[in-house]
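Architecture and fold: a report
Given next are the chains, with one letter for each unit.
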Amino acid sequence: MKATDFDYRLPESSIAQEPLADRAASRMLVLYRSESRWEDRQFRELPQFLRAGDCLVLNDSRVFPSRIYGQRAGVHALSPGHVEVMLLRPVSGDAKTWTALVRPGRKMGTGERIRFSDELEAEIVGRAEFGERTIQFHYDGDLYDVLNAIGHVPLPPYIRRTDRMEDRERYQTVFARERGSVAAPTAGLHFTPGILEACRAAGADIAYVTLHVGLGTFQPLHEEDVEKVQLHSEQFSITPENLARMRAAKRRICVGTTSVRSVESAWRGRQGETDLFIHPGFEFLATDAMLTNFHLPQSSLLMLVCAFAGTEFVLDAYRHAVEAGYRFYSYGDCMLIV
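A few points on the structure. What you see is a predicted model, and the numbers here were worked out from it, not measured in a lab. (Residues numbered from 1 in each chain as written. Predicted model: local features only at pLDDT ≥ 70, side-chain atom pairs only at ≥ 80, totals over all residues. Heavy atoms only, no water.)

1. Structural notes on the overall build of the chain
- Across its full length, the chain carries eight helices and 17 strands.
- Taking 2.2 N^0.38 as the reference for a compact globule, 338 residues should give roughly 20 Å; the C-alpha atoms of the chain span a radius of gyration of 20 Å, in line with that estimate.
- If one aligns the C-alpha atoms of the chain with their principal axes, the spans along those axes are about 65 × 40 × 40 Å.
- Burial status across the chain gives 57% buried among its 338 residues.
- Here the contacts in the chain between residues at least 6 apart in sequence split such that 67% fall between residues at least 24 apart.
- For the chain, the exposed surface amounts to about 14,700 Å²; the carbon and sulfur share of it is 48%.
- Taking the 40 positively charged and 45 negatively charged side chains of the chain as two groups, their mean positions are separated by 1 Å. (Helix = DSSP H or I, 4+ residues; strand = E, 2+ residues; numbered from the N terminus. Rg over C-alpha atoms; globule rule 2.2 N^0.38 Å. Buried < 20%, exposed > 50% of the residue type's maximum accessible area, 1.4 Å probe, protein only. Contact = heavy atoms within 4.5 Å. Areas by Shrake-Rupley, 256 points an atom, 1.4 Å probe, with all protein chains shown as cover. Lys, Arg positive; Asp, Glu negative; His and termini not counted. Charge placed at Lys NZ, Arg CZ, Asp CG, Glu CD.)

2. Considerations on the sheet that holds strand β5 (residues 67-72)
- Spatial ordering of the closed barrel is given by β5-β6-β7-β10-β9-β8, a layout of six strands whose pairing is antiparallel. Direction aside, neighbouring strands of the sheet carry axes that sit 45° apart on average.
- Strands β5, β6 (82-90), β7 (97-103), β8 (113-117), β9 (120-127) and β10 (133-138) of the sheet are contacted by helix α1 (residues 143-150), whose axis makes an angle of about 110° with β9. (Pairing = 2+ DSSP bridges. Axes fitted to C-alpha atoms, helices over the stretch in contact; angles between N-to-C directions.)

3. Description of the packing of helix α6 (residues 257-266) against helix α7 (residues 300-309)
- Relative orientation of the contacting elements α6 and α7 amounts to 65°, with a least axis distance of 10 Å. By the angle between their directions, the pair α6 and α7 is classed as roughly perpendicular. When you trace α6 past α7, the crossing you get is left-handed. Residues Thr 257, Val 260 and Arg 261 of α6 pack against Leu 301, Leu 304 and Val 305 of α7. (Parallel < 35°, antiparallel > 145°, perpendicular 65-115°, else oblique. Left-handed = near helix turned anticlockwise from the far one by under 90°.)

4. Here's the deal with the pattern of salt bridges
- What the rule picks out here adds up to 26 salt bridges.
- Taking the shortest distance from any N to any O, the salt bridge between Glu 121 and Arg 115 comes out at 2.6 Å.
- For Glu 264, the salt bridge identified is with Arg 268, shortest N-O distance 2.8 Å.
- Looking at Glu 264, the relative accessible area reads 0%, which means it is buried.
- Connected through shared salt-bridge partners, Glu 18, Arg 161, Arg 164, Glu 166 and Asp 167 make up one network. (Salt bridge = Lys/Arg side-chain N within 4 Å of Asp/Glu carboxyl O.)

Structure, rendered in structure tokens:
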């Protein structure tokens, strides 16, 4: 099984650059696995597909302004150069030391310092396998306060514009609570408080997982052979109360691939960290239906969807979505698989 088996053609014009004014106005392509058919619907119709005994599983991780810009400092001050740092996850209890992506990475070696503002500097203290750096901040106080002031919303690179203040609210689910993600769990972006209430009124319970989105979710694959792929681990947790809600459900509808990975990891006895890579041939133990956005070609996320609904069926549905003018990726439309 090769990564190229999960390819499809997508015109640049199909990639959503802006969110819709109304979160719930997205289109929803519904895939019926047992019948191998699909139909075009609207996301606000989601409650019609729910019934008593269902449990919606939502990822309540909160995106923080993890992209920061600075300049090379110290011995390189005469030719400072701009530096972009994408914080991935803290590796110290005081949140002063982080794993990060640094650009331009090749020029930034261990021992170099980066100045972000008059009050914030960092030093590169190590490097990892795929080019990540370990950086240590020199700052007295709560680093997140500084990030909220100078940081940028980590919009993905296919959104070809700079982030704006409104992205701080829009690139965030309405139920986000636990800070820690560097990319939004995008299937959750469609929900409004009204839609959540309508889901409850249809008889569905709601349970939460927390998976902090990092490299394991959005990093491109480094192997052509799918069987050799190993994802970066990501932090996740499910409280006993939420796990009990899921176990009591007749049907679990996971919202987003991060919820799927969390639930399937928990059903395998994992807690705290997961590097679970779901691709065709995977045995689903807990996921009965899935709401998901459209994903990049040859990505681990697309492979997860193909594992759930069948590769040929999913890729045919993607081709239909392209031809029918669906909006793709983070700020785009969604797919319900039942």
